[in-house]
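Each chain, written out:
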Amino acid sequence: MAELFYDDDADLSIIAGRKVAVIGYGSQGHAHALNLRDSGVDVRVGLREGSSSRAKAEDAGLQVLTVAAATAWADVVVILAPDQAQRHLYANDIAPNLAAGSALVFAHGFNIRFGYITPPDGVDVVMIAPKGPGHLVRREYVDGRGVPVIVAVEQDATGNAWALALSYAKAIGGLRAAGIKTTFTEETESDLFGEQAVLCGGVSQLIQYGFETLTEAGYQPEVAYFEVLHELKLIVDLINEGGIAKQRWSVSDTAEYGDYVSGPRVIDPSVKENMKAVLADIQNGAFAKRFIDDQDAGAPEFTALRAKGEAHPIEAVGRRLRKLFAWVKPTDSDFVEGSAAR
Ligand SMILES: NC(=O)C1=CN([C@@H]2O[C@H](COP(=O)(O)OP(=O)(O)OC[C@H]3O[C@@H](n4cnc5c(N)ncnc54)[C@H](OP(=O)(O)O)[C@@H]3O)[C@@H](O)[C@H]2O)C=CC1
Ligand SMILES: CC[C@](O)(C(C)=O)C(=O)O
Ligand SMILES: [Mg+2]
Ligand SMILES: [Mg+2]
């Protein structure tokens, strides 16, 4: 059984007694910075010169410094820039300003697991990885709840790294839900697998194929959209509440029987073999190398794939329909429909 942590297992005063620099103010960065601040922690945000995130952080009442100055001020440095940017930021701005006895905090182990960042011996290296998108890390905290986190210590230079990591997890609201003890390797490999095979890659491809199958057979795109995309959330809510069993309990017997006989026809054993190949490429570093090499070349593959995804017909149908939904209220004002803006 995994080791679990809750609010009572952590001492908030530990992180409240430290100076915390949050590097990056995007999905996770804004959530960590604001949740820490609202939990009584002294936080400053580190951003690159000319950063488009500066105004957002300042509007929220946070003090913004350069990455180098924030690191030099802090004794806890939280690296929440995109994974592909972290090694350059670390080498150029963080490492030269990182004092011995400080802590480096990550929300994902990519750069440590694949060797793109090698911290010096004298610093604690910990990870608090929310198991959910940053905008929900903030939304849940504001609503008095939290997104579960998994927590790891890669390097315990001070002897206090675990207590610090748990204190941090509590401050961002994660231990209101639960924390699970993990390692950088387990988090990195399982997170990459989950997002590629199931949560992002698997689900997106399933939705697109479902939409294409219905519309190519002559069904109305709007009906197809409701059937394979909109209703997915309602089904996933039930799965989230009570497992696959609760979803099967709530749907009709017809749907439940169709689930048993047609699910394995669509997602057949070859899909599991494909999943194993994806996992192998994660474990042996092939995925990380492909991602970073593409980024280093100016991201031509990533940019083309993003444009192709946004051009899929289901996106235009969805944009049109969501404008008509009386019950859809956009809550993330920095998400722009129809663009890749973050
Ligand atoms: N997104 C999520 O929900 C989750 C993310 N994680 C992990 O959290 C970490 C952060 O991810 P995420 O929040 O998605 O990141 P984002 O893409 O949202 O980060 C954007 C922020 O990073 C800054 N930034 C972007 N590029 C650079 C650069 N080259 N140099 C300096 N700053 C830069 C941006 O500033 P500017 O305005 O200057 O571009 C902006 O403030 C990653 O390790 C990720 O794996 C973990 C769990 C979930
Ligand atoms: C599922 C995607 C994720 O791993 C996450 C929100 O947890 C990410 O990297 O954004
Ligand atoms: Mg994840
Ligand atoms: Mg991830």
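Residues numbered from 1 in each chain as written. Chains lettered and ligands numbered in written order. Predicted model: local features only at pLDDT ≥ 70, side-chain atom pairs only at ≥ 80, totals over all residues.

1. Let's talk about the overall build of the protein chain
Here comes step 1: The number of helices and strands found in the protein chain is 17 helices and nine strands.
Here comes step 2: Relative to a compact globule of 342 residues, whose C-alpha radius of gyration would be 20 Å, the protein chain shows 22 Å and is just as compact.
Here comes step 3: The principal-axis extents of the C-alpha atoms in the protein chain amount to approximately 65 × 45 × 45 Å.
Here comes step 4: Expressed as a percentage of contacts within the protein chain between residues at least 6 apart in sequence, the contacts between residues at least 24 apart total 67%. (Helix = DSSP H or I, 4+ residues; strand = E, 2+ residues; numbered from the N terminus. Rg over C-alpha atoms; globule rule 2.2 N^0.38 Å. Contact = placed C-beta atoms within 7 Å.)

2. Points about the site of ligand 1
Here comes step 1: Surveying the vicinity of ligand 1 reveals 24 residues, the closest of which are Gly-24, Gly-26, Ser-51, Ala-85 and His-108.
Here comes step 2: Of the residues in the shell around ligand 1, the class split is 11 nonpolar, 10 polar and three charged. (Near = placed C-beta within 6 Å. Nonpolar A, V, L, I, M, F, W, Y, C, P; charged D, E, K, R; others polar.)

3. Topic: the pairing of strand β3 (residues 42-47)
Here comes step 1: When you tally the buried positions in β3, you get five out of six residues, the bulk of the element.
Here comes step 2: Relative to β3, strand β2 (residues 19-23) is paired through five bridges, and the arrangement is parallel. Bridging across to β3, Val-20 finds its partner in Val-43.
Here comes step 3: Handedness of the crossover joining β2 and β3 through helix α2 (residues 27-38) is recorded here as right-handed. (Buried ≥ 20, exposed ≤ 12 C-beta atoms within 10 Å, placed from the backbone. Pairing = 2+ DSSP bridges. Right-handed = clockwise from strand over helix to strand, strands pointing away.)

4. Some details on the site of ligand 2
Here comes step 1: Around ligand 2, the neighbouring residues are Lys-131, Gly-132, Pro-133, Asp-191, Glu-195, Leu-199 and Cys-200.
Here comes step 2: Its residues placed into classes, the shell around ligand 2 shows three nonpolar, one polar and three charged.

5. What about the UniProt feature "active site" (unreviewed entry) in the protein chain?
Here comes step 1: Residues annotated by UniProt as "active site" (unreviewed entry) correspond here to His-108.
Here comes step 2: Within the secondary structure, His-108 sits in the loop between β6 (103-106) and α6 (110-113).
Here comes step 3: Given 20 C-beta atoms within a 10 Å radius, His-108 is considered buried.
Here comes step 4: Contacts of His-108, omitting those with residues within four sequence positions, involve Asp-83, Ala-129, Thr-188 and Asp-191. (UniProt positions renumbered as here; feature names shortened; annotations may be inferred.)

6. Details of helix α13 (residues 253-266)
Here comes step 1: Spanning 14 residues, α13 covers 19 Å between terminal C-alpha atoms, matching the ideal 20 Å at 1.5 Å per step.
Here comes step 2: The principal kink in α13, of about 35 degrees, is found at Asp-259.
Here comes step 3: Judged by how many residues are buried, α13 sits mostly at the surface: zero of 14 residues are covered. (Expected span 1.5 Å × (residues − 1). Bend = angle between axes of the 7 residues up to and from the residue.)

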